[in-house]
Amino acid sequence: MRWRCRDLTFDLTHRALLMGVINLTPDSFSDGGRHLDPAAAVAHARRLMDEGADLLDLGAESTRPGADPVTVDEQLRRLMPALEALARDPSIVISVDTAAAEVARRALEAGARVINDVTALSDPRMAEVVVAAGAGLVLMHLRGTPKTMPGHTDYDDVAREVRLGLAERWQEARRSRVDDECVALDPGIGFAKTAEQNLELLGRLDEIASLGRPVVVGVSRKSFLGKLLDRPVERRTEGGAAAAAIAVFRGARIVRTHDVAATRDALRVADALRDARRTGEASRS
Ligand code: HH2
């Protein structure tokens, strides 16, 4: 299983990637306001790289339930100073979390290698921008918009419907000439799903992985963990690492997390268990 992001191709066969989160926002649900200053963002980015992040996801617009959209100009104002500083080091792989094609274009021009689009190509120009750069593209499942999504949780079979939704967005990317090897798919944990639906999706992640592209999951600090563990956002780290490990065992290949250090070992254990199970299956067949 390979994932192409411009000049880099990741081999995800035996090792899941850690994508560290840097929110350049005043209002993100878990770390809003902490990395607004570009110097603080760069220092945090370097810390996450030292802790073992394979790539960094920079976002300038909160997608928490009920969040208002942020203009292109404001996203660029928040994003570009930190992005430009980090892009000076080509060994740092930068992803940008945006649904706006113009933000994606400017970010790719500055050296980003991945666009993480939680709206899966809602901007009609997004695919063209991604194709022109040969960038990696994360297509996430979402119903409605971050503003309206809490009202969109009526599923008959959440895993089947998320799988169908992602397959449809991947087809749309193909029609727009996005190379299959650049695409990664994300079930959108916490986006238009109840706590129970998030748990069911994680438990049935192999159904999403069976689509045949790398699966991305973001579980860290999310409210389904808070509900399950009865813990505030700053005390969900261990629960998030456990959920990330199980997601990898069930087929996720890229884990988006705020807590890189705490998640790294959990992923290595999950990778080893996954490989051992596959070796066992192969030797019995
Ligand atoms: N979750 C968040 C944001 N972007 N992108 C992908 N692909 N998958 C996710 O699960 C995902 C995402 C929400 O987390 P965070 O960025 O910390 O919060 P906020 O959106 O409030 O900035």
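Look above for the structure.
All of the points below concern the structure found in this document. No experiment lies behind these values; they were computed from the predicted model shown.

Quick notes on the rules
- Residues numbered from 1 in each chain as written.
- Predicted model: local features only at pLDDT ≥ 70, side-chain atom pairs only at ≥ 80, totals over all residues.
- Heavy atoms only, no water.
- Near = heavy atom within 4 Å.
- Polar contact = N/O pair within 3.5 Å; in protein donor to acceptor, adjacent residues only side chain to side chain.
- Nonpolar A, V, L, I, M, F, W, Y, C, P; charged D, E, K, R; others polar.
- Salt bridge = Lys/Arg side-chain N within 4 Å of Asp/Glu carboxyl O.
- Helix = DSSP H or I, 4+ residues; strand = E, 2+ residues; numbered from the N terminus.
- Buried < 20%, exposed > 50% of the residue type's maximum accessible area, 1.4 Å probe, protein only.
- Phe/Tyr/Trp six-rings, centres within 6.5 Å; stacked < 30°, edge-to-face > 60°.
- Lys NZ or Arg CZ within 6 Å of the ring centre and 35° of its normal.

Observations concerning the site of the ligand
- Taken together, the neighbourhood of the ligand is formed by 17 residues, with Ser28, Thr63, Asp186, Lys222 and His258 sitting nearest.
- Between the ligand and arginine 256, the relevant distance is 2.8 Å, taken from an oxygen atom to a side-chain nitrogen or oxygen of the residue.
- Here the shell around the ligand is built from residues that sort into five nonpolar, seven polar and five charged.

A look at the pattern of salt bridges
- Counted according to the given criterion, the structure contains 30 salt bridges.
- Among the ionic pairs, arginine 113 bridges to aspartate 7, the shortest N-O distance being 2.8 Å. Within this pair, whereas arginine 113 is found in the loop between α3 (101–109) and β6 (114–117), its partner aspartate 7 is found in the loop between β1 (2–5) and β2 (8–11), the two being separated by 106 residues in sequence.
- With a relative accessible area of 8%, arginine 113 lands in the buried category.
- Overall, the relative accessible area of 56% leaves aspartate 7 in the exposed class.
- A salt bridge links aspartate 27 to arginine 64, with the shortest nitrogen-to-oxygen separation between them at 3.0 Å. Linking aspartate 27 in the loop between β3 (17–23) and α1 (38–51) with arginine 64 in the loop between β4 (55–59) and α2 (72–87), this pair joins segments that are 37 residues apart in sequence.
- For aspartate 27, a relative accessible area of 28% corresponds to the partly exposed category.
- Among the residues examined, arginine 64 registers a relative accessible area of 27% and is labelled partly exposed.
- Residues participating in the shared-partner salt-bridge network are Arg2, Arg4, Asp179 and Glu181.

Topic: unusual backbone geometry
- Its identity is not glycine, yet leucine 121 carries a phi of approximately 75 degrees, on the positive side.
- Relative to the assigned elements, leucine 121 resides in the loop between β6 and α4 (126–133).
- Looking at leucine 121, the relative accessible area reads 9%, which means it is buried.
- Positioned with a positive phi, aspartate 230 is a non-glycine residue whose angle comes to about 55 degrees.
- Mapped onto the secondary structure, aspartate 230 falls in the loop between α8 (223–229) and α9 (237–249).

A few points about the packing of aromatic side chains
- Applying the stated criterion to the full structure yields one aromatic pair.
- Seen from the ring of tyrosine 155, arginine 143 lies directly overhead, with NZ or CZ sitting 3.8 Å from the centre.
- Taking NZ or CZ as reference, arginine 277 lies 4.5 Å from the ring centre of phenylalanine 249, over its face.

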